[in-house]
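Okay, here's what each chain looks like letter by letter:
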Amino acid sequence: SALGRSGGGAAAASAGLGLRLCLGGWGSLVNPTGVAACPGSGRLAVAHNGKKRIHVFGPSGFCLRRFGERGDANNDIKYALDVTVTSDGHVVVTDGGDRSVKAFDFEGMGVLAVREGFCLPWGLDATPKSEVILTDSEAGALYRLAADFRRGELKKCQMIRSRLVSPRAVAVCQTSGAVVVVEHLKALGPSKGSTRVTIFSAEMDLIGQMDSFGLNLVFPSRIYATAVAFDKEGRVIVTDVCSQAVICLGKPEEFPIFNPLISHGLSYPVGLTYTANNSLVVLDSGDHSVKVYSS
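Within an unreviewed UniProt entry, the label attached to the protein chain reads NHLC1 ligase, and the organism entered is Urocynchramus pylzowi.

### As for the sheet that holds strand S20 (residues 245–250)
Taken together, the four strands give an open sheet; going across it, the order is S18-S19-S20-S21, and neighbouring strands pair in antiparallel fashion. Pairing within the sheet leaves two strands with one partner each, and these edge strands are strand S18 (225–230) and strand S21 (259–262). Adjacent strand axes in the sheet meet at a mean angle of 30°, parallel and antiparallel pairs treated alike. Note that strand S19 (residues 236–240) and S20 share five bridges and pair antiparallel. Residue pairing for S20: Asp240 is matched across the bridge by Ala245.

### Things to note about the pairing of strand S15 (residues 179–185)
By the criterion of burial, S15 is predominantly enclosed, with seven of the seven residues buried. The side-chain alternation of S15 yields two buried faces, one formed by Val179, Val181, Glu183 and Leu185 and the other by Val180, Val182 and His184. Across four bridges, the pairing between strand S14 (residues 167–172) and S15 is antiparallel. Across the sheet, residue Val172 finds its bridge partner in S15, namely Val179. Between S14 and S15, which pair antiparallel in sequence order, lie six residues; one of them, Gly177, sits at a positive phi of approximately 80°. Pairing of S15 with strand S16 (residues 194–200), which is carried by seven bridges, proceeds in the antiparallel orientation. If you follow Leu185 over to S16, its bridge partner there is Ser194.

### Details of a nonpolar patch on the surface
Together, Phe213, Leu217 and Val218 make up an exposed nonpolar region whose accessible area comes to about 360 Å². For Phe213, the position within the fold is in helix H3 (residues 212–218). Accessibility expressed as a relative area gives 61% for Phe213, which makes it exposed.

### What to know about the UniProt feature "repeat: NHL" (unreviewed entry) in the protein chain
The residues that UniProt annotates with the feature "repeat: NHL" (unreviewed entry) are residues 24–60, 64–107 and 264–295. Along residues 24–60 one finds 0% helix and 41% strand; the C-alpha atoms at either end are 13 Å apart. End C-alpha to end C-alpha, residues 64–107 measures 10 Å, and it is 0% helix and 55% strand.

### Description of the pattern of salt bridges
On inspection of all chains with the given rule, the structure shows 13 salt bridges. Note that Glu69 is salt-bridged to Lys52, the shortest N-O span being 3.7 Å. Taken together, the positions of Glu69 in strand S5 (residues 63–69) and Lys52 in strand S4 (residues 52–57) put the pair 17 residues apart, joining distant regions of the chain. Through salt bridges that share partners, Asp95, Asp98, Lys102 and Arg115 make up one connected network.

### A short note on the sheet that holds strand S12 (residues 141–148)
One open sheet accounts for four strands, arranged S10-S11-S12-S13; its pairing is antiparallel. In this open sheet, the two strands that pair with only one neighbour each are strand S10 (121–126) and strand S13 (153–161). Taking each pair of neighbouring strands and ignoring which way they run, the sheet shows an average axis angle of 25°. Note: S10 against strand S11 (residues 132–136), four bridges, orientation antiparallel. Across the sheet, residue Pro121 finds its bridge partner in S11, namely Asp136.

### Topic: the environment of Val236
Looking at where Val236 falls in the secondary structure, it is placed in strand S19. A sequence separation of 11 residues divides Val236 from Ile247, and the C-alpha atoms of the two residues are 8.6 Å apart. Leaving out residues up to four positions away in the same chain, Val236 has contacts with Val180, Val197, Ile199, Val228, Ala229, Phe230, Ile247, Cys248, Leu249 and Gly250.

### Considering the side chain of Asp240
If you trace the backbone, Asp240 turns up in strand S19. Residue class for Asp240 comes out buried when judged on its relative accessible area of 0%. Separated by 3.1 Å, the side chain of Asp240 and the backbone nitrogen of Cys242 make a polar contact. When near neighbours in sequence (up to four residues on either side) are disregarded, Asp240 contacts Arg222, Ile223, Tyr224, Ala245, Ile247 and Pro269.

### Notes on unusual backbone geometry
Its identity as a non-glycine residue notwithstanding, Met204 has a phi of 70°, on the positive side. Tracing the sequence through the fold places Met204 in the loop between S16 and strand S17 (206–211). Assessed through its relative accessible area of 10%, Met204 is described here as buried. At His288, a position not held by glycine, the phi torsion is positive, near 55°. Looking at where His288 falls in the secondary structure, it is placed in the loop between strand S23 (280–284) and strand S24 (289–294).

Quick notes on the rules
Residues numbered from 1 in each chain as written. Predicted model: local features only at pLDDT ≥ 70, side-chain atom pairs only at ≥ 80, totals over all residues. Heavy atoms only, no water. Pairing = 2+ DSSP bridges. Helix = DSSP H or I, 4+ residues; strand = E, 2+ residues; numbered from the N terminus. Axes fitted to C-alpha atoms, helices over the stretch in contact; angles between N-to-C directions. Buried < 20%, exposed > 50% of the residue type's maximum accessible area, 1.4 Å probe, protein only. Patch = residues over 30% accessible without salt bridge, like charges linked within 9 Å, V, L, I, M, F, W, Y side chains within 5 Å. Areas by Shrake-Rupley, 256 points an atom, 1.4 Å probe, with all protein chains shown as cover. Salt bridge = Lys/Arg side-chain N within 4 Å of Asp/Glu carboxyl O. UniProt positions renumbered as here; feature names shortened; annotations may be inferred. Contact = heavy atoms within 4.5 Å. Polar contact = N/O pair within 3.5 Å; in protein donor to acceptor, adjacent residues only side chain to side chain.

The structure is reproduced here in structure tokens:
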């Protein structure tokens, strides 16, 4: 309703996004936490809390594969927090259960597990060079992980930014290399806290930052961001659980603008990605589903 009062309906209509596909649902997906698109094949990888933690869906919506058993074995996944897919076709998962980062091929075979040095690895996104940018929520840090996933060899895991506040969701712009992070700020008093959207250049220089309070001065309703992505034009897109919406905040140099892309039909959006054909994929943990929108 807040978005409607601001003229958000017109903005959403101008975006021309329509719901094309809905996957999952309770029983198929259990409390999903992350979604990622394979740049080449169009397949979607979804992390959730079911018996097998990763589900891979084909472009038509059919579930092709399930893997990542819940358990204590080397390639098991205790609690998947987020997922990404590299350009060379590997599924990389942050496991909050044993504070690790694990990589699999699309057949579900574990190829690499990195357990050393992390406090609580959370969000992650792949670069065009198949490196992985990931957040460590407890350490307040951002890492760059380079590996030869085919051989299962870790090349480098380097901290590239520190002194962040509970960073969780992260996205890498596939054209400019810019990185956007959602930080979760501590609550003062009885409030539930707020979020801050922070943008870095490819060289990790700070180029934009706005917290919930600042966004509320510009926008008609309070925004609590849970997921973030870049579209193909390099605009920052976030999910907002307060208004149950997906909102475009503009390019880093014009940040922030306010353009609701989806303002109805979501209950608790927690994940966001774009497919190679520019479909917008939203992970909705409220009804345990993946919703694919296209123009």
